[in-house]
Amino acid sequence: EEAGAARPFWQRLLVVANRLPVSAVRRGEDSWSLDISAGGLVSALLGVKEFEARWIGWAGVNVPDEIGQKALTKALAEKRCIPVFLDEEIVHQYYNGYCNNILWPLFHYLGLPQEDRLATTRSFQSQFAAYKKANQMFADVVNAHYEEGDVVWCHDYHLMYLPECLKKYNTKMKVGWFLHTPFPSSEIHRTLPSRYELLRSVLAADLVGFHTYDYARHFVSACTRILGLEGTPEGVEDQGKLTRVAAFPIGIDSDRFIRALELPQVQEHIKELKERFSGRKVMLGVDRLDMIKGIPQKLLAFEKFLEENPYWRDKVVLLQIAVPTRTDVPEYQKLTSQVHEIVGRINGRFGTLTAVPIHHLDCSLDFHALCALYAVTDVALVTSLRDGMNLVSYEFVACQEAKKGVLILSEFAGAAQSLGAGAILVNPWNITEVAASIGQALNMPAEEREKRHCHNFHHVTEHTAQEWAETFVSELNDTVVEAQLRTSK
Ligand code: G6P
């Protein structure tokens, strides 16, 4: 740091998320290798010069022994990461159970689990107890590293209980909470047995953020209807204390994608893919293998399209990258088999001795391979049943300056609010409509493609992840200052 450089009082930022942006692999008793995963959040914060981010979260591995914990803590410190160690039982009850089997499906309108789904991880009560315990463990680590003036930014549905824990430690701590998923209608949130406690805790934050105005509105109405509080244009008021609630749509680091396309190895990859699929239009899906992504619905729509359009059968290929995720949760295991079965059936039905209509991959791709794939795609298919934002749609658009391909986008993804004008919006539940949209996209005249692409490209390059993070943090600072002014009046 330069001597004498002006240092705004909010420069240090503690980013708290369930998962640290690194994957850790143990190499020996006291040695670890770390891989930084440059997801949306990481690049968002790397690009922001105004503050220095430190990460607090779970490294995704069980480290039962002290030697291992010490070594990992030391290795992570070099990456500005601070670990929260969760044992296997907590991970099972908190992460697999309460987070991914209860809150995740509920917030995506898939409802609460029935008896059989609950039985796999004991009772709702013990899962919620583990959730609170885990959140308290995160709070302990934050508190141990907190310095006056720091901004604490809590992320996502895993940590809804965190704002309250933090404020109990220190009412002066500046606490923001941002939800990366949808916040559902209050009628859905009402069904959650722990509905009061979670809302109350989130309201302990100074600023509460969502991707879209609708999610923010749902949250405010949950607070008014379930807690009986007052909703104001600024947020939620409880006995004179205001919690500011607002929409902050996330973006991507679009430059990183655009620059990658210039690299020789990416260019080489693009050339290979073009040769491999020459004579065929390329359709692409990139999703975590999650029920909210609507992968079975997408496959059925593609099948219907092939069924109704024999002309296209040997002229189009669907590449579906399905990144395995949360594989310990039974619902995800069932989905994997279901998807494999549908892919097998469609390929059996429409494949030939030399070609199949669907290439399905159960893996993730490295960044450069992904960019190349986005660049050669003619039509991207994002058919989420619900999705907080969906940044795959943004990444695709960023890589399409040369090709100006078409984006088919679910109206239930947050991204529909920003890319709706350029994309073909669909209801993913309506297989007939999606099949028709595939036809429309494949046959779209170049002029219309260009117009739609330009609209979206402009949005994706203007509203970046960096801008999102800066806006959230400066709004959090302003909110705290305003609250101080109000109380000192
Ligand atoms: C979603 C959530 C993130 C989560 C990611 C991957 O995008 O909003 O908080 O990190 O999925 O899921 P995982 O369970 O592997 O962390």
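Since this is a predicted model, take the numbers as computed values, not measurements.

Considering the overall build of the protein
And then number 1: A tally of helices and strands in the protein yields 19 helices and 17 strands.
And then number 2: Against the compact-globule benchmark of 23 Å for 489 residues, the protein has a radius of gyration of 23 Å, which places it among compact chains.
And then number 3: Looking at the 489 residues of the protein, the share that counts as buried comes to 46%.
And then number 4: Sequence-distant contacts, at least 24 apart, represent 77% of the contacts inside the protein between residues at least 6 apart.

What about the nonpolar core?
And then number 1: If you look at the biggest cluster of nonpolar residues, it comprises 143 residues, and the most contacted ones within it are Val15, Val16, Val152, Trp153, Phe219 and Ile408.
And then number 2: When residues no more than four places from it in sequence are discounted, the contact partners of Val152 are Leu14, Val16, Val142, Leu166, Met173, Lys174 and Val175.

Notes on the sheet that holds strand S15 (residues 379–382)
And then number 1: Sheet architecture is open: six strands sit in the order S14-S13-S12-S15-S16-S17, paired in parallel fashion. A strand with exactly one partner marks an edge of an open sheet, and here the two such strands are strand S14 (358–361) and strand S17 (424–426). Taken pair by pair, the neighbouring strands of this sheet meet at an average axis angle of 15°, ignoring direction.
And then number 2: Direction of pairing for strand S13 (residues 316–323) relative to S14: parallel, over a ladder of four bridges. When the bridges of S14 are listed, Leu318 appears paired with Ile358.

Quick notes on the sheet that holds strand S6 (residues 151–155)
And then number 1: Ordered in space as S5-S4-S1-S6-S7-S8-S11-S10-S9, the nine strands form an open sheet in which the pairing is mixed. Sheet topology places strand S5 (81–83) and strand S9 (230–232) at the edges, where each strand pairs with a single neighbour. Averaged over all adjacent pairs, the angle separating strand axes in this sheet is 20°, with direction ignored.
And then number 2: As defined by bridge partners, S6 adjoins strand S7 (residues 174–178) across five bridges and the pair is classed as parallel. Residue pairing for S7: Cys154 is matched across the bridge by Trp177.
And then number 3: On top of the sheet, helix H6 (residues 162–169) reaches strand S1 (12–19), S6 and S7; it is set at about 175° to S7, its chief contact.

Considering the site of the ligand
And then number 1: Residues in close proximity to the ligand include Arg19, Asp156, His180, Thr181, Thr325 and Arg326, which together make up its full environment.
And then number 2: Each residue belonging to the shell around the ligand can be placed in one class, and the counts come to no nonpolar, three polar and three charged.

Details of the packing of helix H11 (residues 264–276) against helix H14 (residues 367–376)
And then number 1: Interaxial distance between H11 and H14 falls to 9 Å at its minimum, and their mutual angle equals 50°. Overall, the two elements H11 and H14 adopt an arrangement that is oblique. Once H11 is placed against H14, the crossing between them reads as right-handed. When H11 is examined against H14, the residues Gln265, Val266, His269, Ile270, Leu273 and Lys274 are found in contact with a partner set consisting of His368, Ala369, Cys371, Ala372, Leu373, Ala375 and Val376.

Observations regarding unusual backbone geometry
And then number 1: Its identity as a non-glycine residue notwithstanding, Gln239 has a phi of 45°, on the positive side.
And then number 2: Mapped onto the secondary structure, Gln239 falls in the loop between strand S10 (235–238) and strand S11 (241–247).
And then number 3: Taking the number of C-beta atoms within 10 Å as the measure of exposure, Gln239 has 6 and is therefore exposed.
And then number 4: Phi is positive for Arg326, which is not a glycine, with a value near 45°.
And then number 5: Within the element layout of this structure, Arg326 appears in the loop between S13 and helix H13 (330–350).

What to know about helix H17 (residues 431–442)
And then number 1: Counted at 1.5 Å a residue, the expected span for H17 with its twelve residues is 16 Å, and the 17 Å between its end C-alpha atoms agrees.
And then number 2: All of the buried residues in H17 are Ile431, Val434, Ala435, Ser437, Ile438 and Ala441. Viewed end-on, H17 has its buried residues packed into an arc of 160°, placing them on one side of the element.
And then number 3: The inward-facing, buried residues of H17 contact helix H12 (295–308), S15, strand S16 (406–410) and S17.

A word on the environment of Leu192
And then number 1: Tracing the backbone through its elements, the reader meets Leu192 in the loop between helix H7 (186–189) and helix H8 (195–203).
And then number 2: Counting along the chain gives 90 residues from Leu192 to Ile102, while the straight-line C-alpha distance between them is 8.7 Å.

Thoughts on the packing of H12 against H13
And then number 1: Here H12 crosses H13 at 10°, and the two axes come no closer than 10 Å. The pairing of H12 with H13 is recorded here as roughly parallel in orientation. Here H12 contributes Ile295, Pro296, Leu299, Leu300, Glu303 and Leu306 to the contact with H13, which in turn contributes Gln338, Val339, Ile342, Val343, Ile346 and Phe350.

Describing the pairing of strand S12 (residues 281–288)
And then number 1: Counting buried residues along S12, six of its eight residues qualify, which places the element largely inside the surrounding structure.
And then number 2: Relative to S13, S12 runs parallel, the two being bridged by eight bridges. Within S13, the residue paired with Val286 across the bridge is Ile321.
And then number 3: Since S12 and S13 lie parallel, the crossover through H12 that links them has a hand, and here it is right-handed.
And then number 4: As judged from the two bridges shared by S12 and S15, these two strands associate in the parallel manner. When the sheet's bridge partners are listed, Met283 is paired in S15 with Val379.

Some thoughts on the pairing of strand S4 (residues 52–58)
And then number 1: Of all seven residues that make up S4, five are buried, and the element is covered over most of its length.
And then number 2: Sheet analysis places S1 next to S4, joined by six bridges and oriented parallel. For Val15, the partnering residue across the bridge sits in S4 and is Trp55.
And then number 3: Where S4 lies against S5, three bridges are found, and the strand directions are parallel. Following the sheet pairing, Ile56 is matched in S5 by Ile82.

Conventions used here
Residues numbered from 1 in each chain as written. Predicted model: local features only at pLDDT ≥ 70, side-chain atom pairs only at ≥ 80, totals over all residues. Helix = DSSP H or I, 4+ residues; strand = E, 2+ residues; numbered from the N terminus. Rg over C-alpha atoms; globule rule 2.2 N^0.38 Å. Buried ≥ 20, exposed ≤ 12 C-beta atoms within 10 Å, placed from the backbone. Contact = placed C-beta atoms within 7 Å. Core = buried A, V, L, I, M, F, W, Y, C linked by C-beta atoms within 7 Å. Pairing = 2+ DSSP bridges. Axes fitted to C-alpha atoms, helices over the stretch in contact; angles between N-to-C directions. Near = placed C-beta within 6 Å. Nonpolar A, V, L, I, M, F, W, Y, C, P; charged D, E, K, R; others polar. Parallel < 35°, antiparallel > 145°, perpendicular 65-115°, else oblique. Left-handed = near helix turned anticlockwise from the far one by under 90°. Expected span 1.5 Å × (residues − 1). Arc of directions from axis to C-beta. Right-handed = clockwise from strand over helix to strand, strands pointing away.

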